[in-house]
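Descriptive structure summary
The chain contents come next:
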Amino acid sequence: MKRVFLKTFGCQMNEYDSERMLALLAGEYVPCEAPEEADLILINTCSVRRKAEEKVYSLVGRFRHLKARRPEVVVGVCGCVAQQEGERLVKRMPHVDLVLGTQNVHRLPEALREIEKGRRPLVLTEMRRDFVPPLILPSPDGRRPVKAQVTIMQGCDNFCSYCVVPYVRGREVSRPPEDILKEIECLVERGVREVTLLGQNVNSYGKKEPGFPTFAELIRLVAEIPGLWRIRFTTSHPKDLSEDLMRAFAEVDKLCEHLHLPVQSGSTRILRRMNRGYTRDEYLEKVRRLREICPEIALTTDIIVGFPGETEEDFRETLSLLEEVRFDEIFSFKYSDRPYARAREFSDKVPEEVKAERLERVHELQARITQEINRSYIGKTVEVLVEGPSETRPELLTGRTRTNHVVNFSAPEGLDLKGALVYVLIKDTGKHSLRGEYLKTVKGP
Ligand code: SAH
Ligand code: SF4
Ligand code: F3S
């Protein structure tokens, strides 16, 4: 068996594509931990922020010596930087054998055969408007994961002015519901209990495809799969968050009470320049309605600080929105120019040190809010799907609440709880997690 070293950057969609590549390679390659041991090196890349892209170049650059020593090693770059850079990538890094774009994942085996015949470098970055990712069933490889991700739609049509994704992932296309259901059924047969449905904007699932279910209907179809216990999804665009989807949180038992709803900014003026399609008040109104329908729902969000033209006053509106909504957790980023994205042409860029200072203030405020929310869990009993031993504290087990909070907990020795749904009593909090004690098993493993 040959060995593949696969490193994944970026979002869950990239993680999903990496799983598909491993499935395609199964039978011929086994994963390995170190690039030095590999016959095939694959780097699945992200281009969403400048820093992410720089990381790729420095990592791929490091394989130059390895390739000089062992020319038979195949070095491949896939994902969003591969799509964005194409030929430029092999010009800049001649030791790269393969550039595999985001709509060409399924062509990996064919590409490797070509390279074996000496046809290198190979650049496969064609894109089509109507591209539907073919069904690739997960391979049984002994790993028995408890949770999995399934991409239900590819691409994005929103063109937020800061964002490269529509250019590197192509137009929005939904996968057929039969493919999605078949794939999830297969995962459940392999022991998966929780599935996350993925898309850049899942709420427009099926809108362009006549006869397809809506996203809320798709959730209900997925919920009928026996043996599947939990459903999550990401990401939902605030402008398309429908009443129907909000109701699913209250009505579909398996749908977990957590929604990632990226707001980006609290200032309507900035939201307009970002081309987000909603105002501050419209966002807040959706949050209010959501909490009315499902009071226990946990919310998380993404924030960009220092978008071109963001004044101190605009920024304070972001802070006040954070205070008002009280998200369980946020992901915050300094704005950076991206290729193709319109905002790179905006002239009123915010200086780097101002961005850094604003990011710091966002972190400070959110750390307090997250801590307050975490503390409110102390003394409560929560349902946790057990993923296995904690990576940092192997004597503890780890899993997540339905509200997506990480819980590390102790349990009687000798109890095999991986894959079980258990009740845990929360006793304490960490910075980004809860600490507790096992009470009893609800279901499984
Ligand atoms: N589809 C998702 C987001 C995908 S990108 C959505 O619509 O929200 C993930 C996050 O990266 C974005 O939510 C945004 O906060 C951040 N991001 C995207 N482009 C960026 C840029 N040019 N600079 C800084 N952050 C950016
Ligand atoms: Fe990017 Fe906006 Fe599409 Fe999200 S919705 S991927 S931020 S263009
Ligand atoms: Fe990054 Fe591509 Fe995802 S740019 S965030 S890996 S869609």
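What you see is a predicted model; the values in this text were computed from it and never measured. (Residues numbered from 1 in each chain as written. Chains lettered and ligands numbered in written order. Predicted model: local features only at pLDDT ≥ 70, side-chain atom pairs only at ≥ 80, totals over all residues. Heavy atoms only, no water.)

1. Focus: the side chain of Gln84
Mapped onto the elements of the fold, Gln84 is located in helix H3 (residues 79-85). Given the relative accessible area of 5%, Gln84 is considered buried. In terms of polar contacts, Gln84 uses its side chain to reach the side chain of Glu53, at 3.2 Å. Every residue in contact with Gln84, bar those within four places of it in the chain, is listed here: Ser47, Glu53, Val164, Val168, Arg338, Pro339 and Tyr340. (Helix = DSSP H or I, 4+ residues; strand = E, 2+ residues; numbered from the N terminus. Buried < 20%, exposed > 50% of the residue type's maximum accessible area, 1.4 Å probe, protein only. Polar contact = N/O pair within 3.5 Å; in protein donor to acceptor, adjacent residues only side chain to side chain. Contact = heavy atoms within 4.5 Å.)

2. Remarks on the sheet that holds strand E11 (residues 230-234)
Spatially, 3 strands are ordered E7-E10-E11 in an open sheet, and the strand pairing comes out parallel. The two strands at the open ends of the sheet, each matched to only one other strand, are strand E7 (147-151) and E11. For this sheet, the mean angle separating the axes of adjacent strands, direction not counted, is 25°. Against the sheet, helix H1 (residues 12-25) touches E7, strand E10 (194-198) and E11, its axis set at about 100° to E7. Sheet strands touched by helix H8 (residues 215-223): E10 and E11. Its angle to E11, the strand with the most contacts, is close to 150°. (Pairing = 2+ DSSP bridges. Axes fitted to C-alpha atoms, helices over the stretch in contact; angles between N-to-C directions.)

3. Focus: helix H2 (residues 50-69)
When H2 is considered as a whole, its buried residues turn out to be Ala52, Glu53, Val56, Tyr57, Leu59, Val60, Gly61, Phe63, Leu66 and Lys67. Residues of H2 that are buried in the fold lie against strand E1 (2-8), strand E3 (40-45), strand E4 (74-78), H3 and helix H4 (87-92).

4. What about the domain arrangement of the protein?
The domains assigned to the protein are domain 1 (2-124), domain 2 (128-256) and domain 3 (381-443). Relative placement of domain 1 and domain 2: their C-alpha centres are 26 Å apart. Between domain 1 and domain 2, the residue contacts involve 21 residues of the former and 25 residues of the latter. Counting each side, the surface lost to burial between domain 1 and domain 2 is near 2,000 Å², with a carbon and sulfur contribution of 55%. (Domains from an automatic or database assignment. Buried area = accessible area lost by both parts, 1.4 Å probe.)

5. Focus on the nonpolar core
With 83 residues, the main nonpolar core has Ile184, Leu197, Phe215, Phe233 and Phe409 as its most contacted residues. Shared between two domains, this core holds at least three residues of each, these being domain 2 (128-256) and domain 3 (381-443). Leu66, Met93, Val96 and Val123 belong to the second largest nonpolar core, which has 25 residues in total. (Core = buried A, V, L, I, M, F, W, Y, C linked by side-chain atoms within 4.5 Å.)

6. Here's the deal with the packing of helix H7 (residues 177-189) against H8
Remark: H7 packs on H8, axes separated minimally by 10 Å, with the N-to-C direction vectors making an angle of 35°. Remark: the crossing between H7 and H8 carries right-handed chirality. Residue-level contacts link Pro177, Ile180, Leu181 and Ile184 of H7 to Leu218, Leu221 and Val222 of H8. Residue composition of the contact of H7 with H8, grouped by class: 7 nonpolar, no polar and no charged. (Left-handed = near helix turned anticlockwise from the far one by under 90°. Nonpolar A, V, L, I, M, F, W, Y, C, P; charged D, E, K, R; others polar.)

7. Quick notes on the pattern of salt bridges
Here the structure, examined in full by the defined rule, presents 45 salt bridges. In this structure, Arg273 engages Asp348 in a salt bridge whose closest nitrogen and oxygen atoms are separated by 3.0 Å. With Arg273 in helix H10 (residues 268-273) and Asp348 in the loop between strand E14 (329-334) and helix H13 (352-375), this pair connects stretches of sequence that are 75 residues apart. Taking the shortest distance from any N to any O, the salt bridge between Arg361 and Glu357 comes out at 3.2 Å. Taken together, the residues Arg361 and Glu357, both in helix H13 and 4 residues apart, mark about one turn of the helix. You can call Glu357 partly exposed: its relative accessible area is 39%. Members of the salt-bridge network, linked through shared partners, are Glu243, Glu285, Arg288, Arg289 and Glu292. (Salt bridge = Lys/Arg side-chain N within 4 Å of Asp/Glu carboxyl O.)

8. Side note on the site of ligand 1
Lining the immediate surroundings of ligand 1 are 15 residues, of which Arg49, Gln200, Gln264, Asp302 and Ser336 lie closest. At 3.0 Å from a nitrogen atom of ligand 1 is found a main-chain nitrogen or oxygen belonging to Tyr162. Among the secondary structure elements, those contributing two or more residues to the shell around ligand 1 are strand E13 (298-305) and E14. (Near = heavy atom within 4 Å.)

9. Looking at the packing of helix H9 (residues 243-251) against helix H11 (residues 280-293)
Their axes nearest at 9 Å, the elements H9 and H11 cross at an angle of 35°. Relative to H11, the crossing made by H9 is right-handed. Between H9, through Glu243, Met246, Arg247, Phe249 and Ala250, and H11, the contact on the second element is made entirely by Lys286, Arg289, Leu290 and Ile293.

10. A look at the pairing of strand E16 (residues 397-400)
Judged from the 4 bridges that link them, strand E15 (residues 381-389) and E16 form a sheet pairing that is antiparallel. Residue Pro389 lies in a different strand from E16, and its bridge partner there is Leu397. In terms of strand pairing, E16 meets strand E17 (residues 406-410) through 4 bridges, oriented antiparallel. Bridging across to E17, Arg400 finds its partner in Val406. Counting the residues that bridge the hairpin from E16 to E17 gives 5 residues, and of these Asn404 lies at a positive phi of roughly 75°.

11. Points about the packing of aromatic side chains
This structure, assessed with the given rule, holds 9 aromatic pairs. Residues Phe307 and Tyr335 carry aromatic rings whose centres are separated by 5.5 Å and whose planes lie at 80° to one another, so their mutual orientation is edge-to-face. Of this pair, Phe307 sits in the loop between E13 and helix H12 (312-325) while Tyr335 sits in the loop between E14 and H13; the two residues are 28 residues apart in sequence, bridging distant segments of the chain. The exposure class assigned to Tyr335 is buried, which follows from its relative accessible area of 5%. Clustering of aromatic rings is evident, with ring pairs tying together Tyr162, Phe307, Tyr335 and Phe346. Over the aromatic face of Tyr57 sits the side chain of Arg92, whose NZ or CZ is 3.6 Å from the ring centroid. Above the face of the Tyr377 ring, Lys380 is positioned so that its terminal group lies 5.7 Å from the ring centre. (Phe/Tyr/Trp six-rings, centres within 6.5 Å; stacked < 30°, edge-to-face > 60°. Lys NZ or Arg CZ within 6 Å of the ring centre and 35° of its normal.)

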